[in-house]
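These are the residues of each chain, in order.
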Amino acid sequence: MNISRRIFFFIISLLSISSAQTTTWPVLTHYEGKNIEKIAMPVGGIGTGTISIGGNGQWHDVEIMNKPALGYYGSDSPKRAPFFMFWLQDDKGNKKTKSLMGPVPLSEYQNSENNLVSLPNFGFPRFAESTFDAAYPFATVTFEDDDMPVTAKLKTFNPFIPADAEASGIPIAVIRYEIKNKTDKPLKVAIAGSLDNFIGMDGSKKIETIFRSYPYPVGAKNNKNIIRQSENIKGIFMVSDSVDKRDIAWGTIALATTSFKDSEIISYRTELNPEGWNSDINDLWNDFEDDGVFENKIYDRKVDSPRGALSVKFTLKPKESREIQFLLSWYFPNRKNWDEKEIVGNYYTTRYSDAWDVSEKTVPKLKSLEQKTLEFVNTLLESDYPPKVKEAALFNSSTLRSQTTFRTKDGRFFGWEGIYPNKGSCYGNCSHVWNYEFATPYLFGSLAKSMRETEYQYALWDDTGLMSFRISLPLIKNSSWKAAAADGQMGTIMKTYREWQLSGDNDFLRKVYPGVKKALSFAWIKGGWDANKDGLMEGCQHNTMDIEYFGPNPEIEFWYLGALRAASEMAAFMNDNEFETTCKELFTRGSKLTDEQLFNGEYYNQKIQPVYDEKSIAEGTFFSGDYSNIQNPIFQIGEGCLVDQMVGQNMAYILDLGNLAKPEHIRKAYQSIYKYNHVKNFGDIFNNMRTFAMEGESGLILVSYPDPAKKPDVPLSYASEVWSGLEYTIATGMIFSGLINNGIETVNMVRDRYDGYKRNPFNEGECGNHYVRAMASWSVILALSEFSFSAVDKKFSITSKPGKYFWSNGYAWGNVEVNDHQVNINLKFGKLDLKIVEVKGRKGIELETDVLMEAGDSHVFLLSEG
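Let me sum up the structure you'll find in this document. Model, not experiment: these values are computed from the prediction.

Some remarks on the packing of helix H8 (residues 506-521) against helix H9 (residues 554-573)
Helix-helix packing is described using two parameters, namely the angle between the two axes and the distance between the axes. Direction vectors running N to C along H8 and H9 enclose 135°, while the axes themselves pass 10 Å from each other. Looking at the two axes, H8 sits oblique to H9. Crossing of H8 over H9 shows left-handed handedness. Contact residues: Asn506, Leu509, Arg510, Tyr513, Val516 and Leu520 in H8; Tyr560, Ala563, Leu564, Ala567, Met570, Ala571 and Phe573 in H9. Among the residues forming the contact of H8 with H9, the class breakdown is 11 nonpolar, 1 polar and 1 charged.

Listed below in structure tokens is the structure:
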């Protein structure tokens, strides 16, 4: 595999962007050769949409128009995709022009539609080589060419600062091109960016024509490009007065530069020659390659989506390097609901008046935003986590910025499960999928808390306590799909406890606590999941496998036990003694029955118990199957070893709720999962369903049968698949159980599959792209550090293993240095109020007075012996 990984730790010195000096960014993973081919890193804010940068420097996946648009290039043809170009003239007058992109992969030289190269901008001269360096959200593409007297770099990012959703939700791509003169002579140089004004187009509106082998994207109408200048920026402002202002793709776009305060020459094109096949691109190239300066021409014939271009020309001294900064910003206010029938709006558009306003307001803050983002990334990279653990956690957090998630106009946070090329996958903050991810609560706690408030205010049905596992938009009480998922509903109770503990917001708990009681009590209604209230769920249990379990099983039972533990803690705080006692008694009985009935000596399995008539299934307990099968249910696990049988236990470990069953059984189950579900080569596995691992790839299969004779005739439909989110989940549990090497190796297996050649390292899929469950990768950070935090008890807990660890509680973050004698907590962002500092396995430090810390503070806590 032609890929090397290396960690760089830098002291960052930020310098003036428009000067001849350059910035240095950290690198977590280096990609080169064939390992850049599948890379597409999203660049954009939380809830704003993104544009992706490819491994060779090609811009694609223009997804800023309120819906997924994978493979869309912001134009009616791939030949017109956004791109940047480069011009130079040496001291002898020799000129060269190239696009700022690396070579087209050989595998793309021919496609099945018209026997041509399928990638965008394929006919442009390019640099001979390119490499890709990443430490999300920072990406650097380096271009090399022996025939060029310069080295070029593309550097792009969007601010990403944990605990600051506002700063991490800016609709902008910061784009810098760094050019280094390799010669002893001065060079005249120009860099230009160019894109269509695609307002009104979102990649999904298409018509068939007899002139093309592919559907023709439409939607733009009389769009206009305007040259504009304000205090901080110059550039092209893209508008449309003719596209319906309530259209999902109506808005504004700005391509601007801040590099105009020294000796640069700024030039523009607001439209191009519209006559002939692709004459506009020909016009653009010819104009630029003459002298690197555009001549803005006006044509009588207008097109609906005119192309704009912006050039910055300057002189490079011998051996000099210079960065030129461009800003691509956008403003598309008409986010629609799940089925695109009603406008629910975008939160980010309440903060700006248009796309130009985005850039103008961002520039004065950009240096500090970049510094804080760098501080976050460097703090994580300097920690003593294995490289691929950092990569899995950091790179998968990019899903928070993809079209998988969004914020409605009122600021509430929502998400699909994932996204398809031009639509979302599985709507409604799906509770049983969002159960698995830990990036949102531990990086942006306010957004996670928003999800809980929405669930209890709008998804919970007043009459029974049923919680819809998919929430409709717009939000209307008692109007979402009246269907419950057992794992989703129990997981939401645990997540409510988590959000309360991390935030310390007692008013939040008081507000949702009545709903928590209702949601848990729903399990005990007639025909419910635990109708006999013995602590063991036996009823019809819809779950994340998209089927119903009949009879007790570990996957749902451990969620239930965890919910009982969490609910008892919340009840105690609320002085609800009766409910606290009920939860504790049910937990004790259920834990005992789980070990007695489900543990087979190696792992926990399912006891299939058919339901004999549909009337015994509680109303609203979702059943997706045919009622004729309920006496002989299909898609059951039975005596199989399920990879995420311990998922509720994982959450309990992370929330410091302890063991939910006998610890020796729990550890044995984790050992058995790795033993039986670890597949060294998925090429040897028959799989009639979706394939996420192929020949030569390893991972953990969803269900294994140590005794093949006990495999059901109709097994779980997904049994032979491999889901990275479940692999991260089991990796976390193994680490908590002391099986650290197995846990780390599991993470390594996943990331080896997403190596840039086989798959995109910024897009772990399942039911769609940028799948939420893969953000379970953040839980591995929590397991290795054993970090937990209670703002309620003012308690900070960390591992006793010496080392340096990044930590974040969703509201503050920093690192902590641990050795045998002391703990040094360094706070980089936010505030901490501490009363107890606990080192796992050691006696906790209870402070005589609270220690109040603010950003920049460090505090050393001495450990007592023993």
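Next comes the rest of the write-up.
What to know about empty space enclosed by the protein
Inspection of every chain in the model, using the stated rule, returns 6 cavities of 30 Å³ or more. If you add up the space inside the largest cavity, you get close to 80 Å³. Along the walls of the largest cavity sit Ile51, Trp59, Pro82, Phe83, Phe84, Ile175, Gly193, Ser194, Leu195, Leu255 and Leu328, which together make up its complete lining. Elements represented by at least two residues in the lining of the largest cavity include exactly strand E6 (83-89) and strand E12 (187-196). Broken down by class, the residue content of the lining of the largest cavity amounts to 9 nonpolar, 2 polar and no charged. Put simply, the second largest cavity is a space of about 60 Å³.

Re H9
With 20 residues, H9 ought to run about 28 Å at 1.5 Å a step, and its terminal C-alpha atoms sit 29 Å apart, in line with that. Counted residue by residue, H9 has 17 buried out of 20 residues, so it is predominantly covered. Measuring from the side-chain oxygen of the N-cap residue of H9 to the backbone nitrogen of Glu555 gives 3.4 Å; that N-cap residue is Asn553. Downstream of H9 by a residue or two, Asn575 has a phi angle that is positive, lying close to 60°.

Structural notes on the sheet that holds strand E3 (residues 40-43)
In any sheet, the strands associate via hydrogen bonds between backbone groups, in a parallel or an antiparallel arrangement. Pairing is antiparallel across the open sheet formed by 3 strands, whose spatial order is E3-E4-E5. The sheet is open, and its two borders are formed by E3 and strand E5 (59-63), each paired with just one other strand. Within the sheet, the average angular offset between the axes of one strand and its neighbour, ignoring direction, is 25°.

As for a negative patch on the surface
Where like charges cluster on the molecular surface, the negative patch consists of Glu129, Glu144, Asp146 and Asp147. Counting through the fold element by element, Asp146 comes out in the loop between strand E9 (138-144) and strand E10 (150-157).

Let's talk about the pattern of salt bridges
One pass over the full model with this rule turns up 48 salt bridges. Residue Asp576 is joined to Lys517 by a salt bridge in which the shortest nitrogen-to-oxygen separation is 2.8 Å. Of this pair, Asp576 sits in the loop between H9 and helix H10 (577-598) while Lys517 is found in helix H8, placing the two residues 59 residues apart along the sequence. For Asp576, a relative accessible area of 15% corresponds to the buried category.

Some details on helix H3 (residues 387-396)
With respect to burial, H3 is a largely interior element, 9 of its 10 residues being buried. Residues of H3 that are buried: Lys388, Val389, Lys390, Glu391, Ala392, Ala393, Leu394, Phe395 and Asn396.

A few points about the sheet that holds strand E18 (residues 265-269)
If you trace the 5 strands from one edge of the open sheet to the other, you get E7-E6-E12-E19-E18, paired in antiparallel fashion. Strands with a single pairing partner mark the edges of an open sheet, and in this sheet they are strand E7 (95-99) and E18. Pairwise comparison of adjacent strand axes, ignoring direction, gives a mean angle of 15° for this sheet. Pairing between E6 and E12: 7 bridges, direction antiparallel. Following the sheet pairing, Phe83 is matched in E12 by Ser194. The sheet strands contacting helix H1 (residues 279-291) are E6, E7, E12, E18 and strand E19 (307-316), and the helix crosses E6 at an angle near 30°.

Observations regarding the packing of H3 against helix H15 (residues 778-785)
Packing of H3 against H15 leaves a shortest axis separation of 7 Å and a crossing angle of 135°. One finds that H3 runs oblique with respect to H15. Contacts between H3 and H15 involve Val389, Ala393 and Leu394 on the former and, on the latter, Trp778, Val780, Ile781 and Leu784. Among the residues making up the contact of H3 with H15, the classes are represented as 7 nonpolar, no polar and no charged.

A short note on unusual backbone geometry
With an omega dihedral of 10°, the bond running from Tyr136 to Pro137 counts as a cis peptide bond. Note that Pro137 resides in the loop between strand E8 (129-135) and E9. Cis geometry is adopted by the peptide bond preceding Pro474, which originates at Leu473 and carries an omega value of 0°. Its place among the elements puts Pro474 in the loop between helix H6 (445-459) and helix H7 (486-503). Phi at Asp546 takes a positive value of approximately 65°, unusual for a residue other than glycine. The partly exposed category is assigned to Asp546, whose relative accessible area is 40%.

Brief notes about the packing of aromatic side chains
According to the stated counting rule, one finds 44 aromatic pairs in the structure shown. Consider the rings of Phe376 and Trp813, whose centres lie 5.8 Å apart with planes at 70°: the pair is edge-to-face. With Phe376 in helix H2 (residues 355-381) and Trp813 in strand E34 (residues 813-818), this residue pair connects regions lying 437 residues apart in the sequence. Trp813 carries the same exposure label as Phe376, and that label is buried.

How each quantity is defined
Here the residue index of a chain counts from 1 through its sequence in written order. Residue-level local features of this predicted model are given only where pLDDT is at least 70; pairs of side-chain atoms are given and counted only at 80 or more, and the full residue set underlies all totals for whole chains, interfaces and linings. Excluded from the side-chain calculation are hydrogens and water; included are all heavy atoms of the structure. Angles here are taken between N-to-C directions and fall from 0 to 180 degrees, while the axes themselves are lines fitted to C-alpha atoms, restricted in helices to the stretch in contact. Under the scheme used here, helices are H or I runs from DSSP no shorter than 4 residues and strands are E runs no shorter than 2 residues, and both carry numbers assigned from the N terminus. For classification, angles of less than 35 degrees are called roughly parallel, those exceeding 145 degrees roughly antiparallel, those between 65 and 115 degrees roughly perpendicular, and all remaining angles oblique. It is the rotation of the near helix from the far one that decides the hand of a crossing: anticlockwise by less than a right angle makes it left-handed, clockwise makes it right-handed. In what follows, a contact means two residues having at least one pair of non-hydrogen atoms within 4.5 Å. Gly is placed with the polar residues, together with every amino acid not listed as nonpolar (Ala, Val, Leu, Ile, Met, Phe, Trp, Tyr, Cys and Pro) or charged (Asp, Glu, Lys and Arg). Space inside and on the surface of the protein is sampled on a 1 Å grid over the protein atoms alone, with a cavity defined as a set of points where a 1.4 Å probe fits but cannot get out and a pocket as an open set with protein on both sides within 12 Å along at least 5 of 7 lines; lining residues have an atom within 4 Å of a point. Grid points are joined across faces, edges and corners, and a volume is the space filled by probe spheres set on the points. A helix is expected to span 1.5 Å multiplied by its residue count minus one. Each residue is assigned to one of three classes by its accessible area relative to the maximum for its type, calculated with a 1.4 Å probe on protein chains only: buried under 20%, partly exposed between the two thresholds, exposed over 50%. Throughout this description, a polar contact denotes any pair of N or O atoms lying within 3.5 Å of each other; where both atoms belong to protein, one of them has to be capable of donating a hydrogen while the other can accept it, and for residues adjacent in sequence the pair is counted only when both atoms sit in side chains. Criterion used throughout: strands pair if DSSP finds at least two bridges between them. Exposure above 30% relative accessible area and the absence of a salt bridge qualify a residue for a patch, where like charges join within 9 Å and nonpolar side chains (Val, Leu, Ile, Met, Phe, Trp, Tyr) within 5 Å. The Shrake-Rupley method, run with a 1.4 Å probe sphere, supplies the accessible areas, and residue values consider only the shown protein chains as cover. Whenever a carboxyl oxygen of Asp or Glu lies within 4 Å of a side-chain nitrogen of Lys or Arg, that contact is scored as a salt bridge. In summary, the charge assignment counts Lys and Arg as positive and Asp and Glu as negative, without counting His or the chain termini. We put the charge of a Lys on NZ, of an Arg on CZ, of an Asp on CG and of a Glu on CD. Each Phe, Tyr or Trp ring, with Trp reduced to its six-membered ring, pairs with another whose centre is within 6.5 Å; inter-plane angles below 30 degrees give stacked pairs, above 60 give edge-to-face pairs, and intermediate values give tilted ones.

Worth remembering: the numbers are spatial, not functional.
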